[in-house]
Amino acid sequence: MIICSAPGKVYLFGEHAVVYGEPAICCAVDIRTRVSVAPADSITISSSLGTTGIDFETHPYVSAVVERFQDISSLEGVSISIESEIPVGSGLGSSAAVTIATIKALDALLGTDLELDDVARTGHEVEQRIQGAASQTDTYVCTMGGVVMIPQRKGLDLIDCGIVIGNTNIFSSTKELVANVAELNESFPDVIGPVLSSIGKMSVTGEELVNAKDYVSVGKLMNINQGLLDAIGVGCSELSSFTYAARNSGAYGAKITGAGGGGCMVAIAPHERVDGVAAAIAIAGGEVVVTKATDIGVRVESL
Ligand SMILES: Nc1ncnc2c1ncn2[C@@H]1O[C@H](COP(=O)(O)OP(=O)(O)OP(=O)(O)O)[C@@H](O)[C@H]1O
Ligand SMILES: C[C@@](O)(CCO)CC(=O)[O-]
Ligand SMILES: [Mg+2]
């Protein structure tokens, strides 16, 4: 049996704007999806969502990966088992993590010797096939790990402060929210365009601040980014409540991460204030995950 794992991700800046070519800064975090594969007489995919064969209803991403390997190798039968620490459908990159970990595991099992860039590209193509539209951000960061500016694919210094995630447990469809922003942009291009451009400028300024470990200023920019995400209609009252709870309990800054409309927010905080920020988000009604940045992208955990 071969086991591979891949991390989740949070956006420091730039979600939604990155769809329009603006730069974003995304950070891999230390919550992981593990995929085990072993030769078998037939194809089975087992996860918390059920046990199936190739099934684009229950396991669209993993089924698309299996089909990709049927095209490039002699794959006939394989048993795939998935375990994950990443909340599903919450903006933390769970689809990218399961896609990338499955690609790496099948690559190791079948000896197709994919380079990491090939793993990331294949993962992006799978997300595009399943979602209709997706930036490369999630699958690239999940493959490489660390803190990355996209689309430049530029590595930044690892964030060295606490990361606290608050989950609304409100399902949000990335596809739907991206479409809503597109509709607003078509209706008011002279208003929404500058907002998206301002978000992009935050990533440019943010790069220097992250590398300088100036997390007070990074937090201030995250708070401004949050206001602009609300402006383009991807906020909700729960996310606002959690971000203010985090800021008022000592976080450097807090904002939506991912598509918004539900899902998760993220706060960065001094290590000594992480517990207080986590407690404040929980009191506001959030399901809290305390984690940290990781430079470990996709990896083989056992052969
Ligand atoms: N542990 C898992 N086991 C099986 N399938 C999973 C798992 N985690 C995620 N998935 C697949 O990914 C889908 C969720 O992907 P989706 O892109 O909607 O949310 P997300 O990736 O968590 O959030 P975002 O893309 O905004 O970061 C699930 O419906 C399922 O098909
Ligand atoms: C909203 C978005 O920018 C991030 C979703 O996690 C969409 C994308 O980049 O594919
Ligand atoms: Mg996803």
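What you see is a predicted model; the values in this text were computed from it and never measured.

Time to look at the overall build of the chain. Along the backbone of the chain there are 9 helices and 12 strands. In terms of C-alpha radius of gyration, the chain reaches 19 Å, essentially the compact-globule figure of 19 Å for 303 residues. Along the first, second and third principal axes, the C-alpha set of the chain runs to 55 × 45 × 35 Å. Across the 303 residues in the chain, those meeting the buried criterion constitute 54%. For the chain, the exposed area adds up to about 12200 Å²; of that, 50% sits on carbon and sulfur atoms. Computed over 18 positive and 35 negative side-chain charges, the separation of the two mean positions in the chain equals 5 Å.

A separate point is the packing of helix H8 (residues 237-247) against helix H9 (residues 274-283). Interhelical geometry of H8 versus H9 gives an angle of 150 degrees and a closest axis separation of 8 Å. On the basis of their axis angle, the class for H8 and H9 is roughly antiparallel. As H8 packs across H9, the resulting crossing turns out to be right-handed. Two secondary-structure elements touch here, H8 through Phe242, Ala245 and Ala246 and H9 through Val277, Ala280 and Ile281. In terms of residue class, the contact of H8 with H9 is built from 6 nonpolar, no polar and no charged.

Let us now look at helix H3 (residues 116-131). When the terminal C-alpha atoms of H3 are compared, their 22 Å separation across 16 residues agrees well with the 22 Å that a helix rising 1.5 Å per residue should span. Taken as a whole, H3 has its buried residues at Val119, Ala120, Thr122, Gly123, His124, Val126, Glu127 and Gln131. Contacts made by the buried residues of H3 are with helix H1 (60-72), helix H2 (94-110), helix H4 (137-144) and helix H5 (174-187). One or two steps after H3, the chain reaches Gly132, where phi turns positive at roughly 90 degrees.

The next thing to look at is the site of ligand 2. In the vicinity of ligand 2, 13 residues are found, and the nearest of them are Lys9, Tyr11, His16, Val18 and Ser135. For ligand 2, an oxygen atom lies 3.2 Å from a polar atom in the side chain of Lys9. Here an oxygen atom of ligand 2 sits 3.0 Å away from a polar atom, N or O, in the main chain of His16. Taking 300 Å² as the accessible area of ligand 2 by itself, protein coverage stands at 94%. Given that more than half its atoms are within 2 Å of the pocket grid, ligand 2 belongs to the largest pocket. When residues of the shell around ligand 2 are traced back to their parent elements, those giving at least two are strand S1 (2-13) and H5. Here the residues of the shell around ligand 2 are counted per class, giving 6 nonpolar, 4 polar and 3 charged. Counting contributing residues per domain, the shell around ligand 2 is built from domain 1 (2-155) and domain 2 (159-291), each supplying no fewer than three.

What follows deals with the site of ligand 1. Taken together, 21 residues form the shell around ligand 1, and within it Lys9, Gly89, Gly93, Ser94 and Ser95 come nearest. Between an oxygen atom of ligand 1 and a main-chain N or O atom of Gly91, the distance comes to 3.1 Å. Between ligand 1 and Thr174, the relevant distance is 3.2 Å, taken from an oxygen atom to a side-chain nitrogen or oxygen of the residue. Placement of ligand 1 is best described as lying within the largest pocket. Mapped by element, the contributors of at least two residues to the shell around ligand 1 are H1, strand S5 (78-84) and H2. With 3 residues, H2 is the largest single contributor of residues to the shell around ligand 1. For the shell around ligand 1, the residue count by class is 8 nonpolar, 11 polar and 2 charged.

By domain assignment, the chain separates into domain 1 (2-155) and domain 2 (159-291). Computed from C-alpha coordinates alone, the two centres of domain 1 and domain 2 are separated by 24 Å. Across the boundary between the two partners, domain 1 contributes 28 residues, which contact 40 residues of domain 2. Note on domain 1 versus domain 2: buried area summed over both sides is about 2600 Å², and carbon and sulfur give 67% of it. Considering only the surface of domain 1 that becomes buried against domain 2, Phe13, His16 and Tyr20 emerge as the three largest contributors, covering 27% of it. Linking domain 1 with domain 2 are 2 salt bridges, by the criterion used here. Put simply, domain 1 and domain 2 have 12 residue pairs in polar contact (both at pLDDT 80 or more) between them. Secondary-structure elements contributing two or more residues to the side of domain 1 that touches domain 2 are S1, strand S2 (24-39) and strand S6 (147-150).

Structurally, Leu184 can be placed in helix H5. Taking relative accessible area as the criterion, Leu184 reaches 27% and is therefore assigned partly exposed. Counting along the chain gives 48 residues from Leu184 to Ile232, while the straight-line C-alpha distance between them is 7.4 Å. Every residue in contact with Leu184, bar those within four places of it in the chain, is listed here: Ile192, Ala231 and Ile232.

Thresholds applied
Residues numbered from 1 in each chain as written. Chains lettered and ligands numbered in written order. Predicted model: local features only at pLDDT ≥ 70, side-chain atom pairs only at ≥ 80, totals over all residues. Heavy atoms only, no water. Helix = DSSP H or I, 4+ residues; strand = E, 2+ residues; numbered from the N terminus. Rg over C-alpha atoms; globule rule 2.2 N^0.38 Å. Buried < 20%, exposed > 50% of the residue type's maximum accessible area, 1.4 Å probe, protein only. Areas by Shrake-Rupley, 256 points an atom, 1.4 Å probe, with all protein chains shown as cover. Lys, Arg positive; Asp, Glu negative; His and termini not counted. Charge placed at Lys NZ, Arg CZ, Asp CG, Glu CD. Axes fitted to C-alpha atoms, helices over the stretch in contact; angles between N-to-C directions. Parallel < 35°, antiparallel > 145°, perpendicular 65-115°, else oblique. Left-handed = near helix turned anticlockwise from the far one by under 90°. Contact = heavy atoms within 4.5 Å. Nonpolar A, V, L, I, M, F, W, Y, C, P; charged D, E, K, R; others polar. Expected span 1.5 Å × (residues − 1). Near = heavy atom within 4 Å. Polar contact = N/O pair within 3.5 Å; in protein donor to acceptor, adjacent residues only side chain to side chain. 1 Å grid on protein atoms, 1.4 Å probe; cavity = no way out; pocket = protein on both sides within 12 Å on 5 of 7 lines; lining within 4 Å. Sits in = over half its atoms within 2 Å of the grid points. Domains from an automatic or database assignment. Buried area = accessible area lost by both parts, 1.4 Å probe. Salt bridge = Lys/Arg side-chain N within 4 Å of Asp/Glu carboxyl O.

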